[in-house]
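The lines below spell out each chain.
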Amino acid sequence: MAESSRRRVPRSVRIADRLAGLVLGVGGSFAPFALAAAMFWLFWQADLLHPFADWSRVGGWLRGSVSLGLVALAGASPFAVTGALLGRGSDLVRLHLRMVAAVPLAVPAFLLLHWTAPWVSQRFGLPVQHPGWACIALAVGMVPPLWLILSDALERGGGISAAAYALGATPSQVMRTLILPASAPGLVAALLRGFSRAMGETMAVLLVSGNYASAWGGAGGAATVGAALVLDLPEASPGGGLWIDLMRGGLLLTVMTVSVYAVSDRVERRFRSGGQP
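A few points on the structure. Predicted model, so just to flag it, every value in this text is computed and none were measured. (Residues numbered from 1 in each chain as written. Predicted model: local features only at pLDDT ≥ 70, side-chain atom pairs only at ≥ 80, totals over all residues. Heavy atoms only, no water.)

### A few points about the overall build of the chain
The number of helices and strands found in the chain is 11 helices and 0 strands. Going from N to C terminus, the chain has its helices and strands arranged as α-α-α-α-α-α-α-α-α-α-α. Scored against the burial criterion, the 277 residues of the chain give a buried share of 38%. Within the chain, contacts between residues at least 6 apart in sequence are counted, and of these 81% link residues at least 24 apart. (Helix = DSSP H or I, 4+ residues; strand = E, 2+ residues; numbered from the N terminus. Buried < 20%, exposed > 50% of the residue type's maximum accessible area, 1.4 Å probe, protein only. Contact = heavy atoms within 4.5 Å.)

Put into structure tokens, the structure is as follows:
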């Protein structure tokens, strides 16, 4: 009787579910090969033994990418950590964060470029396009995803914190001695992923930094590797000095972002497995 009363899933729904799983599986399997092929092509085009390339220009682009990523992470981390600590367990907050996290980083950059930056430029003289605006745009866009990841990491201490409350511990003691130490690897993994995303961002940086190189980094009229690729690649001739510099910058940036993400993934795996290697 219980079997007959159980609702049957329509055949079309089952087929659609299997097709979706197949597409996701194929896409997930193809992604590593696509990344490896892209890195091999960049390595081939970079021609690391070429004598006429300008390593100082490549270093300036990389320094700009790393500097913007670090400053943006430093600006986003306090808000994300504070929000994760105060808003733990709230489904409504998580729903809003997921919606905001889906917004591309170019959106806050566009709003800064057309609303905030002109107003500040008129009153304080700061250029409308400046790496500082890129840091603000990246920080604003990084807060929601960081907040979500940090909230998941902090939830790990929920069981032991309930037991500590039952034994008479105060909220500050629970947070300081139980939740934060237990969540530390997850927090580190979240910050590394945020840094990897900010370091490799292109369009948001290009919108609000433009052809601007500063003491933070940048060279040849571009603030970061991504901005240099967008601005200079159409004018670079394959095999020329500028082309090789751009390929070297793209290769090194790819290696750096993938390495940082791999470290964060390793830390998160150990975190979820309870510290086992």
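### So, the nonpolar core
By size, the foremost hydrophobic cluster in this structure holds 55 residues, and its most contacted members are L138, M142, L146 and V208. For this core, the secondary structure elements donating two or more residues are helix 2 (11–46), helix 3 (55–86), helix 5 (106–124), helix 6 (131–154), helix 8 (171–200), helix 9 (203–209), helix 10 (225–232) and helix 11 (241–272). Examining the composition of this core, we find that 14 residues originate from one element, helix 6, more than from any other. Apart from residues no more than four positions distant in its own chain, V208 is found in contact with A109, L112, L113, V128, Q129, H130, W133 and A134. (Core = buried A, V, L, I, M, F, W, Y, C linked by side-chain atoms within 4.5 Å.)

### Overview of unusual backbone geometry
At D47, a residue that is not glycine, the phi angle is positive and equals roughly 50°. Within the secondary structure, D47 is located in the loop between helix 2 and helix 3.

### Comments concerning the packing of aromatic side chains
Overall, the coordinates contain 3 aromatic pairs when judged by the stated rule. Taking the centre distance of 6.4 Å and the plane angle of 80° together, the rings of W41 and W243 count as edge-to-face. Of this pair, W41 sits in helix 2 while W243 sits in helix 11, and the two are 202 residues apart along the sequence. For W243, a relative accessible area of 12% gives the class buried. (Phe/Tyr/Trp six-rings, centres within 6.5 Å; stacked < 30°, edge-to-face > 60°.)

### Here we look at the pattern of salt bridges
Evaluation of the coordinates by the stated rule reveals 2 salt bridges. D245 is the partner of R57 in a salt bridge, and the nearest nitrogen-oxygen pair spans 2.5 Å. Placement of R57 in helix 3 and of D245 in helix 11 is noted, with a sequence separation of 188 residues between them. Judged by its relative accessible area of 23%, R57 is partly exposed. Take D245: its relative accessible area is 0%, and that puts it in the buried class. For the salt bridge of R193 with D265, the shortest nitrogen-to-oxygen distance reads 3.4 Å. (Salt bridge = Lys/Arg side-chain N within 4 Å of Asp/Glu carboxyl O.)

### Regarding the packing of helix 6 against helix 8
Two elements in contact, helix 6 and helix 8, have axes separated by 9 Å at closest approach and are oriented at 150°. Viewed along their axes, helix 6 and helix 8 adopt a mutual orientation that is roughly antiparallel. In terms of crossing hand, the pair formed by helix 6 and helix 8 is right-handed. Between helix 6 and helix 8, the contacting residues are L138, G141, M142, P145, L146, I149, L150, A153 and L154 on the first element and I179, L180, S183, G186, L187, A190, L191, G194, F195, R197 and A198 on the second. (Axes fitted to C-alpha atoms, helices over the stretch in contact; angles between N-to-C directions. Parallel < 35°, antiparallel > 145°, perpendicular 65-115°, else oblique. Left-handed = near helix turned anticlockwise from the far one by under 90°.)

### Focus: the side chain of S196
Looking at the secondary structure, you find S196 in helix 8. One polar contact links the side chain of S196 to the main-chain carbonyl oxygen of T257, over a distance of 3.1 Å. Aside from chain neighbours lying at most four places away, what touches S196 is T257, V260 and Y261. (Polar contact = N/O pair within 3.5 Å; in protein donor to acceptor, adjacent residues only side chain to side chain.)

### Quick word on helix 3
With 32 residues, helix 3 should reach 46 Å at 1.5 Å per residue; the first-to-last C-alpha distance of 46 Å fits that figure. A76 marks the point of greatest bend in helix 3, at about 30°, and the proline P78 comes within the next four residues. (Expected span 1.5 Å × (residues − 1). Bend = angle between axes of the 7 residues up to and from the residue.)

### Considerations on a positive patch on the surface
Taken together, the side chains of R8, R11, R14 and R18 make up a positively charged region of the molecular surface. As for its position among the elements, R8 is in the loop between helix 1 (2–5) and helix 2. Looking at R8, the relative accessible area reads 73%, which means it is exposed. (Patch = residues over 30% accessible without salt bridge, like charges linked within 9 Å, V, L, I, M, F, W, Y side chains within 5 Å. Areas by Shrake-Rupley, 256 points an atom, 1.4 Å probe, with all protein chains shown as cover. Lys, Arg positive; Asp, Glu negative; His and termini not counted. Charge placed at Lys NZ, Arg CZ, Asp CG, Glu CD.)

### A few points about the environment of V188
Mapping V188 onto the fold places it in helix 8. In sequence terms V188 and V267 are 79 residues apart; their C-alpha atoms lie 7.7 Å from each other.

### Notes on the packing of helix 3 against helix 10
Remark: helix 3 packs on helix 10, axes separated minimally by 7 Å, with the N-to-C direction vectors making an angle of 125°. Comparing the axis directions of helix 3 and helix 10 gives the class oblique. Residue-level inspection shows W61, L62 and S65 of helix 3 in contact with helix 10, the latter providing V225, A228 and D232. A per-class count over the contact of helix 3 with helix 10 returns 4 nonpolar, 1 polar and 1 charged. (Nonpolar A, V, L, I, M, F, W, Y, C, P; charged D, E, K, R; others polar.)

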